[in-house]
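Structure at a glance
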Amino acid sequence: MAGETVITVVGNLVDDPELRFTPSGAAVAKFRIASTPRSFDKQTRQWVDGEALFLSCSVWRQMAEHVAESLQRGTRVVVQGRLGQRSYEDREGVRRTVFELEVDEVGPSLRYATAVVTKAAASDGAGRGAVEAARREQGAVSAGDPWSASTPGARAGGAGGWGGSSVEGEEPPF
């Protein structure tokens, strides 16, 4: 879509990706990355870390399942996607603004690691341990769980947004 801000970020996963499913069954994984700039200080002759950028990311459908099965906390990744901004009011009534990345592409960085790429089988769910565990876990949630609500205002904190969601009419379940 014209006018979107597409960025590429290289950083480390702060948490393991969290896989959830919308009420209609669409997979969505959320994860955060930290990207820390480094510069060389000529006076001390040492590398110095700058201030880290923490960015929340979401990825949808089959790629969400692949991310949940392939990546874990600490993995250095290259992420490309559409940067969005969302404002909301927190529980104390303070207006907050967050930046989020809706991921189009993600993969491990090979700068300091190696990876074995395996082409994914058809999406029949067979052999997908993390995906099946997430589905079982979510199937057992109670009706009072605020994360299982399908309306944006029903989520904890009442944070709306995600107008650019990949699943029309649905919000990420976190």
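This report concerns the structure included in the present document. (Residues numbered from 1 in each chain as written. Predicted model: local features only at pLDDT ≥ 70, side-chain atom pairs only at ≥ 80, totals over all residues. Heavy atoms only, no water.)

Secondary structure summary: the protein contains two helices and eight strands in total. Buried residues in the protein amount to 31% of all 174 residues. Considering only contacts in the protein between residues 6 or more positions apart, those separated by 24 or more positions represent 64%. (Helix = DSSP H or I, 4+ residues; strand = E, 2+ residues; numbered from the N terminus. Buried < 20%, exposed > 50% of the residue type's maximum accessible area, 1.4 Å probe, protein only. Contact = heavy atoms within 4.5 Å.)

Let us look at the pairing of strand 2 (residues 18-21). Of the pairings in the sheet, the one linking strand 2 to strand 3 (residues 27-35) comprises four bridges and is antiparallel in character. Looking at the pairing, Phe21 lines up with Ala27 of strand 3. Between strand 2 and the antiparallel strand that follows it, strand 3, lie five residues; Gly25 among them carries a positive phi value of about 100°. (Pairing = 2+ DSSP bridges.)

Here the focus is helix 1 (residues 61-70). When helix 1 is considered as a whole, its buried residues turn out to be Ala64, Glu65, Val67 and Ala68. Buried positions in helix 1, seen along its axis, are confined to an arc of 160° and lie on one side of it. (Arc of directions from axis to C-beta.)

Let us now look at the environment of Asp49. Inspection of the secondary structure puts Asp49 in strand 5 (residues 46-49). Spatially, the C-alpha atoms of Asp49 and Ser39 are 6.7 Å apart, while their sequence positions differ by 10 residues. Ignoring anything within four residues of it in the chain, the contact list for Asp49 reads Thr36, Pro37 and Arg38.

With respect to the element layout, Arg20 can be found in strand 2. The buried category is assigned to Arg20, whose relative accessible area is 17%. One polar contact links Arg20 to Glu18, side chain to side chain, over a distance of 2.6 Å. (Polar contact = N/O pair within 3.5 Å; in protein donor to acceptor, adjacent residues only side chain to side chain.)

Let's shift gears to the packing of aromatic side chains. Applying the stated criterion across every chain yields a total of one aromatic pair. Between Phe40 and Trp47 the ring centres are 5.5 Å apart and the planes differ by 65°, which places this aromatic pair in the edge-to-face class. (Phe/Tyr/Trp six-rings, centres within 6.5 Å; stacked < 30°, edge-to-face > 60°.)

Counting residues in hydrophobic clusters, the biggest one holds 19 residues, and the most contacted among them are Leu19, Phe31, Ile33, Cys57, Val59 and Val79. Among the elements of the structure, strand 1 (5-13), strand 2, strand 3, strand 6 (53-60), helix 1, strand 7 (76-89) and strand 8 (95-108) are those that each provide at least two residues to this core. For this core, the element with the highest residue contribution is strand 3, accounting for four residues. (Core = buried A, V, L, I, M, F, W, Y, C linked by side-chain atoms within 4.5 Å.)

Moving on, we come to the side chain of Ser35. Inspection of the secondary structure puts Ser35 in strand 3. Of note is the side chain of Ser35, whose polar atom sits 2.8 Å from the backbone oxygen of Val10.

Buried residues dominate strand 3, accounting for seven of its nine residues. As paired strands, strand 1 and strand 3 are joined by two bridges and run antiparallel to one another. Bridge pairing links Asn12 to Ala34 in strand 3. Looking at chain direction, strand 3 and strand 6 are connected through eight bridges and run antiparallel. In the strand pairing of strand 6, Val28 is matched with Trp60.

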